Amino acid sequence: MSEPAWYRPDGTMPDTDEIRRLLERYGFSEAAADAYLAVVERGSATVSTVADAADISTSHVYDICDELEAKGFVTVKSDRTPTVLRAVPPDRAFDSLRSDLDALQSAVDDRYQRPGTADEELSVVKSRSTIIKRLRSYIRAADSEVVLQLPARRLPEIADPLRDARDRGVLVLLSLCGDAAPDAETAPATGAPLEGVASTVRLAQPGMPSLLSVDQERGFVSPATMLGWDHDDTRAITFTQPDIAAILVGSYLGNYWPLGEELLVSRPPDLPRTFERFRPAVFTAALHRRSGRSVDAECYLRETGTEEPFETRRGEVVEVRQNLLAPSSSDFGFENSLRIDFGEETAEVGGYEAFLEEYETKRTTLRPA
C-alpha cells in the first residue's frame, strides 16, 4: 500500500520544506504557506512578527490572513492593537479541506468513466499462461490489498510479485490449496519458502477454486482444475469491477478462508501507519493487540447511514472484530471492525460504506497507545 506523501515509516515528522510543498499542492501560495507556518509555529502572532518570520511585507500579510481566515485556517483579532493572528487547531482547520475534497471526489466519481475498459469488465480466458501473466500484473499494481487462493504448485510463478507487494506494505491474504507441507515455513507441494510472500498464509484443501481480488477492484476466478492440472480445458473469468470484487471477497472470507489452517503470520509492522482502506488497518491492529501492544486509532469518520461531513477522531482500540487471524473474533465472515474508546464514548467503527457499525471511516492511522 502506498503511504500518503507526509508519511514516514520511522514516525518522524516532515521538515518545513516538505510541509510548505504539501501546502502549495493544496492551493497555498508560497507566501501564504510561509505566513501560515509562522502563525502555526507560534500559536498566535502579531502581523509584524509574521511578516518578519515569512520575509514578506506587512500589507501582504493582511491580505494573506484575510484569505486564510476565510478558509478557516486562522482567526484575526483586529480589535486589538497590534492585530493578532491565531492558528485554528489543525484538526478543525483541515476537516473543512477534507470535506471539500470529499465533495469534489464524489462529483468527479459521478462523471468518471473508465475509457476503453467497458468490454474488459468481464472476460473469459482460456490460457493458463495468460492467467499467470495477469496474476503477476494485477499483483504488481496492488496498492493496499491482495486476496488470493490458488494451488500451491503455482506459488513459485508469482512469489516475486507477492514479495514486492509486501515490501510496499500491501496486505496479502494467501491461501494455498494442497496437502500439508513438512513444516509451516515452506509451501505445500513445492517446498518454496513462505517468509515474505504474504501477511498471512493458510492451507486450504485441494480442489478449492482459484481466485484473486486486488484492492477490491479487479481479479479473476476459475475452477481449481485450470491452475491445478497440466491438461484442462476449463476457463477463468477476469474482471475489473468493484461490485463483483466486493461480492467475491465477502463470499471468500465468509466461506473458504475460515476453513483453512493458519500456517504463517507476519510480524506486526512499525507504527504509525496510515491506511486508506479499512481491512489492512483491522489486520494490523489485530496483529499488534495479539502481540500484547496497545494501539490508538485516528479515524476520519462519520455516523453510518448519514450524509454528515467526515471528521477526525482519535481513541484507543479496545477490541478488534475480525476473522483474518486465528482465532476469529467475528460473528460472520466479512465482519471487520474496531471498537474504539474515544473518551466521551466507546463505539464500533467499520470501513467506508459500513452498515452494521456506528461509524464508517475513510482513512485510519494507527499509532502506539
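Our subject is the structure that appears above.
Remember, predicted model here, so these are calculated numbers, not experimental data.

**Concerning the sheet that holds strand β1 (residues 44-46)**
Thinking step 1. The 3 strands are arranged β1-β3-β2 in an open sheet whose pairing can be described as antiparallel. This sheet does not close on itself; its edge strands, each paired only once, are β1 and β2 (74-77). Strand-to-strand twist in this sheet, taken as the mean axis angle between neighbours without regard to direction, amounts to 20°.
Thinking step 2. Across 4 bridges, the pairing between β2 and strand β3 (residues 84-87) is antiparallel.

**Looking at helix α9 (residues 242-255)**
In an α-helix, one turn spans 3.6 residues; hence positions three or four apart end up facing the same way.
Thinking step 1. Relative to the 20 Å expected for 14 residues at 1.5 Å per residue, α9 spans 20 Å between its end C-alpha atoms, a close match to the ideal helical length.
Thinking step 2. Listed in full, the buried residues belonging to α9 are Ala245, Leu248, Val249, Gly250, Tyr252 and Leu253.
Thinking step 3. For α9, the secondary structure elements touched by its buried residues are β5 (145-151), β6 (171-177), β8 (210-214), β9 (218-222), β10 (236-240) and α10 (278-290).

**A look at the packing of aromatic side chains**
Thinking step 1. Applying the stated criterion across every chain yields a total of 8 aromatic pairs.
Thinking step 2. Measuring from centroid to centroid gives 5.4 Å for Tyr300 and Phe310, while their planes differ by 35°, and the two rings are tilted. Here Phe310 lies in the loop between β13 (295-303) and β14 (311-321) and Tyr300 lies in strand β13, a separation of 10 residues in the sequence. Neither residue differs from the other here; Tyr300 and Phe310 are each classed as buried.
Thinking step 3. For the ring pair Phe310 and Tyr352, a centre distance of 6.2 Å and an interplane angle of 50° mean the geometry is tilted. Here the residue Phe310 occupies a position in the loop between β13 and β14, and Tyr352 occupies one in the loop between β16 (346-350) and β17 (359-368), the gap between them amounting to 42 residues.
Thinking step 4. A residue is classified by how much of its surface remains accessible, and Tyr352, at 43% relative accessible area, is partly exposed.
Thinking step 5. Counting every residue linked through ring pairs, the aromatic cluster contains Phe28, Tyr36 and Phe73.

**Quick word on the packing of helix α6 (residues 128-140) against helix α7 (residues 155-167)**
Thinking step 1. Their axes nearest at 9 Å, the elements α6 and α7 cross at an angle of 10°. By the angle between their directions, the pair α6 and α7 is classed as roughly parallel. Contacts between α6 and α7 pair Ile132, Leu135, Arg136, Ile139 and Arg140 from the former with Glu157, Ile158, Pro161, Leu162 and Ala165 from the latter.
Thinking step 2. The residue makeup of the contact of α6 with α7, split by class, is 7 nonpolar, no polar and 3 charged.

Cut-offs applied
- Residues numbered from 1 in each chain as written.
- Predicted model: local features only at pLDDT ≥ 70, side-chain atom pairs only at ≥ 80, totals over all residues.
- Heavy atoms only, no water.
- Pairing = 2+ DSSP bridges.
- Helix = DSSP H or I, 4+ residues; strand = E, 2+ residues; numbered from the N terminus.
- Axes fitted to C-alpha atoms, helices over the stretch in contact; angles between N-to-C directions.
- Expected span 1.5 Å × (residues − 1).
- Buried < 20%, exposed > 50% of the residue type's maximum accessible area, 1.4 Å probe, protein only.
- Contact = heavy atoms within 4.5 Å.
- Phe/Tyr/Trp six-rings, centres within 6.5 Å; stacked < 30°, edge-to-face > 60°.
- Parallel < 35°, antiparallel > 145°, perpendicular 65-115°, else oblique.
- Nonpolar A, V, L, I, M, F, W, Y, C, P; charged D, E, K, R; others polar.

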